[in-house]
Each structure stands twice: as C-alpha cells, then as structure tokens.
Amino acid sequence: MIDTAEIRPRMLMGPGPSDVHPRVLAALARPTIGHLDGQFLEVLNDIRDMLQSVFQTTNALTLAVSGTGSAGMETCVVNLIEPGDKMLVCMAGVFGTRMKDVAERAGADVTAIDAAWGKVFTADDIRAAFDQHGPFKVVGIVHAETSTGAAQPIPPISDVVHDAGALLLVDTVTSLGGMDVDVDGWRIDACYSGTQKCLSCPPGLAPVTFSAAGERALANRASKVQSWYLDMNMVRKYWGSERLYHHTAPINMNYALHEALRLVLDEGLAARWQRHRDQHLALKAGLEGLGLSYLADPDHQLPMLNAVSTPDGVDEAAVRKRLLDEFGIEIGGGLGEFKGKAWRIGLMGESATPRHVQAVTSALKTILS
Ligand SMILES: *Cc1c(COP(=O)(O)O)cnc(C)c1O
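Remember, predicted model here, so these are calculated numbers, not experimental data.

A. The arrangement of the site of the ligand in detail. In the region of the ligand, 13 residues are neighbours, and Thr68, Ser70, Thr146, Asp171 and Lys197 sit closest. Note that an oxygen atom of the ligand is positioned 2.6 Å from one of the side-chain N or O atoms of Thr68. Separating an oxygen atom of the ligand from a side-chain N or O atom of Ser70 is a distance of 2.6 Å. Burial of the ligand by the surrounding chains reaches 91%, relative to a free accessible area of 380 Å². Broken down by secondary-structure element, the contributors of at least two residues to the shell around the ligand are α3 (69-80) and α4 (94-105). Classifying every residue of the shell around the ligand by side-chain character gives 4 nonpolar, 6 polar and 3 charged.

B. Local environment of the sheet that holds strand β10 (residues 205-210). A sheet is described by the order of its strands in space; here 7 strands give the open sequence β2-β10-β9-β8-β5-β3-β4, paired in mixed fashion. With one partner strand each, in any of the chains shown, β2 (61-66) and β4 (109-114) form the two edges of the open sheet. The sheet shows a mean angle of 20 degrees between the axes of neighbouring strands, taken without regard to direction. As paired elements, strand β3 (residues 86-91) and β4 share 6 bridges and run parallel to each other. Bridging across to β4, Met91 finds its partner in Asp114. The sheet contacts of α4 involve β3, β4, β5 (138-142), β8 (167-171) and β9 (190-192), and relative to β3 the element is tilted by about 160 degrees.

C. Up close: the pairing of strand β11 (residues 305-309). Most of β11 sits inside the fold, with 4 of its 5 residues counted as buried. In the sheet, β11 pairs with strand β14 (residues 342-346) via 5 bridges, with the strands oriented antiparallel. Opposite Val308, over in β14, you have Trp343 as the bridge partner.

D. Here's a closer look at the domain arrangement of the chain. Domain boundaries assigned for the chain yield domain 1 (9-17 + 269-368) and domain 2 (22-265). The interface of domain 1 with domain 2 comprises 25 residues on the first partner and 31 residues on the second. Both faces considered, domain 1 and domain 2 share a buried interface measuring about 2300 Å² in area, 65% of it formed by carbon and sulfur atoms. Inspection of the region where domain 1 meets domain 2 yields 1 salt bridge. Lys119 is paired through a salt bridge with Asp297; the nearest N and O atoms lie 3.2 Å apart. Remark: the boundary between domain 1 and domain 2 carries 10 residue pairs in polar contact (both at pLDDT 80 or more). The leading source of residues in the side of domain 1 that touches domain 2 is helix α10 (residues 269-289), at 4 residues.

E. Region of the structure containing the packing of aromatic side chains. In this structure the tally under the stated criterion is 3 aromatic pairs. Ring centres of Phe40 and Tyr255 lie 6.2 Å apart, and the angle between their planes is 70 degrees; on these two criteria the pair is classed as edge-to-face. Here Tyr255 lies in helix α9 (residues 251-267) and Phe40 lies in helix α2 (residues 38-55), a separation of 215 residues in the sequence. Tyr255 carries the same exposure label as Phe40, and that label is buried. The ring centre of Tyr294 lies 5.4 Å from the NZ or CZ of Lys284, which sits over that ring.

F. Spatial organisation of the pairing of β10. Among the 6 residues in β10, 6 count as buried, and that is most of the element. Side chains Leu205, Pro207 and Thr209 project from β10 onto one buried face, and the interleaved Ala206, Val208 and Phe210 project onto a second face that is buried too. Summarising the sheet, β2 and β10 pair through 6 bridges and their orientation is antiparallel. The partner of Ser66 across the bridge, within β10, is Leu205.

Reading the values: rules and limits
Residues numbered from 1 in each chain as written. Predicted model: local features only at pLDDT ≥ 70, side-chain atom pairs only at ≥ 80, totals over all residues. Heavy atoms only, no water. Near = heavy atom within 4 Å. Polar contact = N/O pair within 3.5 Å; in protein donor to acceptor, adjacent residues only side chain to side chain. Areas by Shrake-Rupley, 256 points an atom, 1.4 Å probe, with all protein chains shown as cover. Helix = DSSP H or I, 4+ residues; strand = E, 2+ residues; numbered from the N terminus. Nonpolar A, V, L, I, M, F, W, Y, C, P; charged D, E, K, R; others polar. Pairing = 2+ DSSP bridges. Axes fitted to C-alpha atoms, helices over the stretch in contact; angles between N-to-C directions. Contact = heavy atoms within 4.5 Å. Buried < 20%, exposed > 50% of the residue type's maximum accessible area, 1.4 Å probe, protein only. Domains from an automatic or database assignment. Buried area = accessible area lost by both parts, 1.4 Å probe. Salt bridge = Lys/Arg side-chain N within 4 Å of Asp/Glu carboxyl O. Phe/Tyr/Trp six-rings, centres within 6.5 Å; stacked < 30°, edge-to-face > 60°. Lys NZ or Arg CZ within 6 Å of the ring centre and 35° of its normal.

Structure, rendered in structure tokens:
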C-alpha cells in the first residue's frame, strides 16, 4: 500500500494538473466546516466575485460547479439544451469531440463540423454551417484545444453566432488564467473552465458563468434540466441569497480555489498572460533548437500548451517515462489522432516559469542526444 505521505513532488508540465502553489495546498488543510456556516458562505461569495473578475464578466450567475472541467462542460450543455434542440458543435480535437458526445447524450440534435487538428475555425465556416443546417439554439466551441495546442479566436465566431440569434457556449478550461478570456467583451453566453490548468489549483471544481441571455434560456425551459446534480436552477439557490441546500459543497476544495484566485488576481490578469507568453516563447526557442516542430498553426499557437511532433524513430512514451523517472518532470503524450506521435508540454499557471522551461529543455536535450 502506498503511503501518501511519501508521494514525491513532480514538475507538472503536461496538459494538467499543473503545479500548485504552497499557499493553495495549505488552504486545502484548513478546518472543514459546515456548508451553511457563515464563514464558508463568505468564501463562496468571494469566489463568485473573483471568478467574475477572472472571467471578465458581470454575470450574476457565476459559480464553481462541484466537479472537474468536464462537469463544467456538462453543466453548460444540459442547462441550455432541451431534448430536440439544435446545437452546432465545432470539433478540432478531443475536447470538441467530447462536447459533441455530451450534447448528444443530453438529447440535442447535433450538427458537428470539423477542422483539421491543429487548425481553427473561421467565421465563414460557422456561417456556412448555419446556411446549410441552421438555425441552431446553441453553438459550442473550444477556446484552447488542449489536444492540439491551437487557440481559437472567439470574437469573429461570436459575431456570426449572435447575428443568427443563437447562444455561444465556450470551453475555457485550458485558457482561463493563462490568456485573455473576455466573457462580456466577446459576448459569451455560457462559459466553463476547470481549476487544474492555468488556475493552478488541484482538480475538483469547474468555474461556470451564464450571460443574461443564457439565464433566459434556462428560465424559459419547458422541461427540467436532465441532470439533477448540475441543474443551475437549483444550484444557484445555494450560491445565491436563499442558501437552499442542494448538495454539500466540497468545502476544502473551495478553500483551495479561493486561495488560487487570490494568487491570480494579486499577480494581475495582464501580467499573468504576459508571463505565459514569455515562457512559451522561451520554450518554443528551446524546443525548435532541438529540432522539434509545433503541431498547431503558427498563427494560433497556445502559450500554455505546446504540442510538438515526436522525431522519427523516437519512442515517445519511453522519453516521457525517462523524464518522469530520472528528472521528475511530467509531460503529456498525444491524444486521438496525435497518439504516439506528439508530446504536449504544458506551461500552466505555477508551471509557467523559467525554471520549468530550463528544466524540460535541458532534460529533453540529454535524453534525445
Ligand atoms: C482538461 C480539459 C477538459 C476537461 O477537464 P477535466 O478537469 O479533465 O474534467 C475540458 N476541456 C478542455 C479544453 C481541457 O483542456
């Protein structure tokens, strides 16, 4: 049996989780108290306020869902979709594909469009989908596709979606806290994220936010939300002033998120995005110096997720194993189409530092030579 007291720390440079600040780990160990205790309700209020800042929104319906990023995805989908509703899902990697699956399970009538892995969608692609298969109630898209390292520009897509009278649902699990995510400026109607990527908090909560139009869609439903646990009509009555018991909030996870958000806002959003860009450029120079090439389009590379193709004849899994065993560094392998052919190196939150960039570049150099 493993003694968890002996778990060795790693440098977490994969697609998540990322390194966690000691202040966040310390917050996890604070006293567990009741979910209706006034002190805990203050924690929740602070989290809502800080999430509004990080999402750059004034949306009243902003909270942390109990569950990982995928629970955030499911929350946004099941609250906006009623059986038979038409939804357009944009798939350019694993997470767009997952969204299609979630939407179909919720009973949506899904139209899915593809972009080649590593590429992004254009406004014209979305317009063509509306012309051929619309109208849609909801359009779902991934901002930062963690399986390919590509950053999807949201504003031009948002214009098309809103001109057509639809709601825009965006996955910002990997982008939030590491690059600009402007929920109000980009007119996003439902947005979800996760704690374990650029917010640098252990996995376990999913920040979500709904616009006024998103809230109206929720209020105007003819049927109950398909998931009892993720029903925002009920969950919001606990996060709001009614404080109605729904499920017991994961108390200590919320402490951790509270501390992680304080760290994000103390650093400042713009400074944090700049740090991610700087470390990305340093890593990119190092990786290209080793002859590795990026998978995502040069104009759309994510700062926090660097997906590169594995050199011919190199056993990618064996390299990752040596990185972990000999250097204590975790990176990710390829998913889906890129399985066995790629490495995914994360620079998320606490892991976006010169120390991490140096360590992974020199360890890879040693192993590859
Ligand atoms: C990690 C990730 C998810 C899923 O989050 P989990 O915390 O693993 O449930 C969803 N979307 C994207 C883009 C991700 O990177």
